Amino acid sequence: MSSAVATIDTTRPEVPFGRLVRVEIRKMFDTRSGFWLMLSTGILLALTVGITLLVIALDDDTSLSAGDFSSVLTIPLSILLPVFAIVTVTSEWGQRSHLSLFTLEPRRGRIIGAKLVSVLVLAVGTIVLALVLGAIANVVGAAIGGYDVVWNLDASNIAWTIALQLAYFLMAFALSMVFLSSPGTIVVFYIFALLLPFMVYPPLFFAFDWAQDLIPWVDFNYAASPLVSGEDFGGEAVDVGFLQYAQFATTLVLWIVIPFVIGLRRVLTTEVK
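What comes next concerns the included structure. (Residues numbered from 1 in each chain as written. Predicted model: local features only at pLDDT ≥ 70, side-chain atom pairs only at ≥ 80, totals over all residues. Heavy atoms only, no water.)

1. Considerations on the overall build of the protein chain
Phase 1: Counting secondary structure elements, the protein chain contains eleven helices and zero strands.
Phase 2: With the C-alpha coordinates of the protein chain rotated into their principal frame, the extents come out at 65 × 45 × 30 Å.
Phase 3: The buried share among the 273 residues of the protein chain stands at 41%.
Phase 4: Across the protein chain, the fraction of contacts at a sequence separation of at least 24, relative to all contacts at a separation of at least 6, is 76%.
Phase 5: In the form shown here, the protein chain has an accessible surface area of approximately 14,000 Å², with 68% of it arising from carbon and sulfur atoms. (Helix = DSSP H or I, 4+ residues; strand = E, 2+ residues; numbered from the N terminus. Buried < 20%, exposed > 50% of the residue type's maximum accessible area, 1.4 Å probe, protein only. Contact = heavy atoms within 4.5 Å. Areas by Shrake-Rupley, 256 points an atom, 1.4 Å probe, with all protein chains shown as cover.)

2. Overview of the packing of aromatic side chains
Phase 1: In total, this model carries 14 aromatic pairs according to the counting rule given.
Phase 2: With a centroid separation of 5.3 Å and 75° between ring planes, the pair formed by Phe 35 and Trp 36 is classed as edge-to-face.
Phase 3: Overall, Phe 35 belongs to the partly exposed group, its relative accessible area being 44%.
Phase 4: An angle of 75° between the planes, with centres 5.5 Å apart, marks the rings of Tyr 168 and Phe 220 as edge-to-face. In this pair, Tyr 168 is assigned in helix 7 (residues 155-179) and Phe 220 in helix 10 (residues 220-229), connecting sequence segments 52 residues apart. With respect to class, Tyr 168 is no different from Phe 220; both count as buried.
Phase 5: Through a chain of ring-to-ring contacts, three or more aromatic side chains come together here, namely Tyr 201, Phe 205, Phe 206, Tyr 222 and Phe 233. (Phe/Tyr/Trp six-rings, centres within 6.5 Å; stacked < 30°, edge-to-face > 60°.)

3. Topic: the side chain of Asn 138
Phase 1: For Asn 138, the location among the structural elements is in helix 6 (residues 108-145).
Phase 2: Those residues in contact with Asn 138 that sit more than four places away from it in its chain are Leu 64, Ser 65, Ala 66, Phe 69, Val 149, Val 150 and Trp 151.

4. Some words on a nonpolar patch on the surface
Phase 1: Taken together, the side chains of Phe 35, Trp 36, Leu 39, Ile 43, Leu 47, Ile 51 and Val 55 make up a nonpolar region of the molecular surface, amounting to roughly 680 Å² of accessible area.
Phase 2: Structurally, Leu 39 can be placed in helix 2 (residues 32-58).
Phase 3: Exposure remark for Leu 39: the relative accessible area of 34% places this residue in the partly exposed category. (Patch = residues over 30% accessible without salt bridge, like charges linked within 9 Å, V, L, I, M, F, W, Y side chains within 5 Å. Salt bridge = Lys/Arg side-chain N within 4 Å of Asp/Glu carboxyl O.)

5. A short note on the pattern of salt bridges
Phase 1: Counted under the stated rule, the structure contains six salt bridges.
Phase 2: In this structure, Glu 24 engages Lys 27 in a salt bridge whose closest nitrogen and oxygen atoms are separated by 3.1 Å. Here Glu 24 and its partner Lys 27 are both found in helix 1 (residues 17-29), three residues apart, which amounts to about one turn of the helix.
Phase 3: In this structure, the salt-bridge partner of Glu 24 is Lys 115, at a minimum N-O distance of 3.0 Å. In this pair, Glu 24 sits in helix 1 while Lys 115 sits in helix 6, placing the two residues 91 residues apart along the sequence. Side by side, Glu 24 and Lys 115 carry an identical accessibility label, which is buried.
Phase 4: Through salt bridges with shared partners, a single ionic network connects Glu 24, Lys 27, Glu 92 and Lys 115.

6. Concerning the side chain of Arg 108
Phase 1: Assignment of secondary structure puts Arg 108 in helix 6.
Phase 2: A distance of 2.9 Å separates a polar side-chain atom of Arg 108 from the backbone oxygen of Thr 270. (Polar contact = N/O pair within 3.5 Å; in protein donor to acceptor, adjacent residues only side chain to side chain.)

7. What to know about helix 2
Phase 1: Between the first and last C-alpha of helix 2 there are 38 Å, a value that for 27 residues agrees with the 39 Å anticipated at 1.5 Å per step.
Phase 2: Listing the buried residues of helix 2 in full gives Gly 34, Leu 37, Thr 41, Leu 45, Thr 48, Val 49, Thr 52, Leu 53 and Ile 56.
Phase 3: Lining the buried residues of helix 2 we find helix 1, helix 3 (66-80), helix 4 (82-95) and helix 6. (Expected span 1.5 Å × (residues − 1).)

8. Observations concerning the packing of helix 3 against helix 8 (residues 182-207)
Phase 1: In the contact formed by helix 3 and helix 8, the axes pass within 10 Å of each other and the chain directions differ by 155°. Relative to helix 8, the element helix 3 lies roughly antiparallel. Mapping the contact onto sequence places Ser 78, Ile 79 and Leu 80 in helix 3 and Phe 189, Tyr 190 and Leu 194 in helix 8.
Phase 2: Residues that form the contact of helix 3 with helix 8 fall into these classes: five nonpolar, one polar and no charged. (Axes fitted to C-alpha atoms, helices over the stretch in contact; angles between N-to-C directions. Parallel < 35°, antiparallel > 145°, perpendicular 65-115°, else oblique. Nonpolar A, V, L, I, M, F, W, Y, C, P; charged D, E, K, R; others polar.)

9. A closer look at the nonpolar core
Phase 1: Met 171, Phe 173, Phe 189, Phe 220 and Phe 248 are the most contacted members of the largest nonpolar core, which totals 55 residues.
Phase 2: Beyond its immediate chain neighbours, meaning those up to four positions away, Phe 189 contacts Ser 78, Pro 82, Ile 86, Tyr 168, Met 171, Ala 172, Leu 175 and Leu 194.
Phase 3: Among the nonpolar cores identified, the runner-up in size contains six residues, and Leu 196, Tyr 201, Phe 205 and Ile 215 belong to it. (Core = buried A, V, L, I, M, F, W, Y, C linked by side-chain atoms within 4.5 Å.)

10. Re helix 8
Phase 1: With 26 residues, helix 8 should reach 38 Å at 1.5 Å per residue; the first-to-last C-alpha distance of 35 Å fits that figure.
Phase 2: Its axis deflected by about 60° at Leu 196, helix 8 carries its strongest bend there, up to four residues before the proline Pro 197.
Phase 3: Burial in helix 8 covers these residues: Ser 182, Thr 185, Val 188, Phe 189, Ala 193, Leu 194, Leu 196, Pro 197, Tyr 201, Pro 202 and Phe 205.
Phase 4: Considering only its buried residues, helix 8 is in contact with helix 3, helix 4, helix 7, helix 9 (209-214) and helix 10.
Phase 5: Where helix 8 starts, the residue carrying a side-chain oxygen 3.5 Å from the main-chain nitrogen of Gly 184 turns out to be Ser 181. (Bend = angle between axes of the 7 residues up to and from the residue.)

Structural data, given as structure tokens:
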């Protein structure tokens, strides 16, 4: 049967969208992959907090602020949690469970919408949890290190932290619809989201003027740096204006909007077999 030409029975009652979202959220936790991913993320967050507090306890010269703890704790989220967004889409295509899924709800757009909402709910929830853990660790760290607690996270910092983490989730979600394969999507995501920005781009950025002009147009971390801190990735002060907002918007279009459009078309038209 070709899903591209299949006729949807419009007289059939729609599955309530809220129920679809609840099902997708439940599937994140009651599958083996979801359980181990969540457990691994929790353990990694706990280890990150524990190691950071141990460093404070062992080194009298070390003192961290709320902003420092926030930066440290967002690293595990950036590394592991986007995999949730990937397997939410790709696992059913790999296991062929999409055959029954699209039979129960043939309106594929509604299913993708439910998956997207569930991913965003998980993303926001875990980011808030990380911020709460960071706040607690900030107080505990000050008590251990004997220094004053520093709260240097304002609403703008928190908003940008959430925005960048959501960008990772949405990028992973969009790429997963393009490839419909867990291994392929994970490889591509980590190459373009982590390997290039943290291992390839920095040497180019600091060595070549052309890289300083080009990279903020292709990576949203570099593009967001002036908007978050008023400085570029190299620490140079930047007068934030239209150019910086245009660069950030361009990176979102490049890594989220375009893959999302291509991927959505593929999901909606790919033959179910």
